[in-house]
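The residues making up each chain are set out below.
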Amino acid sequence: MIMRLQKILADRGVASRRKAEEIIEEGRVTVNGVVATLGDKADPEKDHIKLDGKLLSQPAGARKYMVLHKPKNVITTLDPEETRPTVRDFLAGVRERVYPVGRLDFDSEGLLLLTNDGELAHAVMHPSGKMPKTYRVKIKGVLEEKDFEKLRRGVRLDDGLTAPAEVRPLEALKQNSWIEMTIYEGRKRQIRRMLQAVGHPVIRLIRTRIDGLSLGSLAPGEMRHLSNNELKRLKYSAGLSEGG
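In this report, we go over the structure that sits alongside the text. None of the values given here were measured: they were computed from a predicted structure.

## Considerations on the sheet that holds strand β2 (residues 29-31)
Move 1: Read across the sheet, 4 strands follow the order β3-β2-β5-β6 without closing on themselves; strand pairing throughout is antiparallel. On the outer flanks of this sheet lie β3 (34-35) and β6 (54-55), each paired with one strand and no other.
Move 2: When β2 meets β3, the two strands line up antiparallel, connected through 2 bridges. Among the inter-strand pairings, Val 31 is bridged to a residue of β3, identified as Val 34.

## Here's the deal with helix α2 (residues 17-25)
Move 1: Of the positions making up α2, those classed as buried are Arg 17, Ala 20, Ile 23 and Ile 24. Take α2 and look down its axis: the buried residues cluster within an arc of 105°, on one side only.
Move 2: Residues of α2 that are buried in the fold lie against α1 (5-11), β2, β5 (49-51) and α3 (118-125).
Move 3: Positive phi shows up at Gly 27, right after α2, with a value of about 75°.

## Thoughts on the side chain of Arg 187
Move 1: Mapped onto the secondary structure, Arg 187 falls in the loop between β14 (176-183) and α5 (190-197).
Move 2: Of note is the side chain of Arg 187, whose polar atom sits 3.3 Å from the side chain of Glu 185.
Move 3: Excluding its chain neighbours within four sequence positions, the residues that come into contact with Arg 187 are Asp 159, Gly 160, Leu 161, Thr 162 and Arg 193.

Procedures and definitions
Residues numbered from 1 in each chain as written. Predicted model: local features only at pLDDT ≥ 70, side-chain atom pairs only at ≥ 80, totals over all residues. Heavy atoms only, no water. Pairing = 2+ DSSP bridges. Helix = DSSP H or I, 4+ residues; strand = E, 2+ residues; numbered from the N terminus. Buried < 20%, exposed > 50% of the residue type's maximum accessible area, 1.4 Å probe, protein only. Arc of directions from axis to C-beta. Contact = heavy atoms within 4.5 Å. Polar contact = N/O pair within 3.5 Å; in protein donor to acceptor, adjacent residues only side chain to side chain.

Shown next as structure tokens:
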């Protein structure tokens with residue numbers, strides 16, 4: 001069956017479809033000995049597809065869907081050459097190759113989805129899906145009503161106006177406070193920049209939910225498999241299945 005190379009790479013668990021496009025653009029993929037370009041198609045059953053000179057492995061028999069509580073000061077990468085702590089350090093007991101869906105900044109923590117299902121990874125990350133992501137955020141100071149309104153309307157950043165965010169207060173401390181924010185975009189360091197723009201820098205940032213998928217009671221560094229109900233809901237929200 002002829003299909004786009006980035007889908008083949010994603011289906012084989014190499015990376016998400018978006019990352020697979022980058023890999024192709026870097027000239028790391030060949031088809032029948034010819035360096036591939038973005039937009040090329042191939043038949044994974046007949047063509048010889050190589051990544052970095054190695055023949056692409058056959059697809060894994062089972063898909064894996066896992067949640068990791070990424071600790072602070074850990075990089076969302078599987079690069080074995082990275083000298084700082086990475087997500088890879090927490091996957092020693094996982095036999096199948098899984099990769100992070102999206103990313104959490106080095107200084108952020110919380111829910112990180114890992115899978116070898118390239119189609120789901122692509123659907124969750126793609127901006128058109130507007131998948132809600134919820135964060136528990138400790139900030140300097142206390143938001144005033146005008147700040148809440150700005151965040152709820154959208155904040156103008158250097159890369160344009162953000163989509164409206166959902167935001168509510170959680171706990172006020174002596175000098176700082178906790179709030180909850182839900183966003184529907186995935187701009188780089190978006191929440192930090194939004195709160196900086198209204199004068200309340202972020203002290204701590206924890207992602208607690210992606211749509212209906214919750215971090216729950218997982219401690220930093222702990223990991224678990226998704227339940228059947230969680231996976232069903234996530235696929236439904238991503239437009240990959242019918243029924244609620």
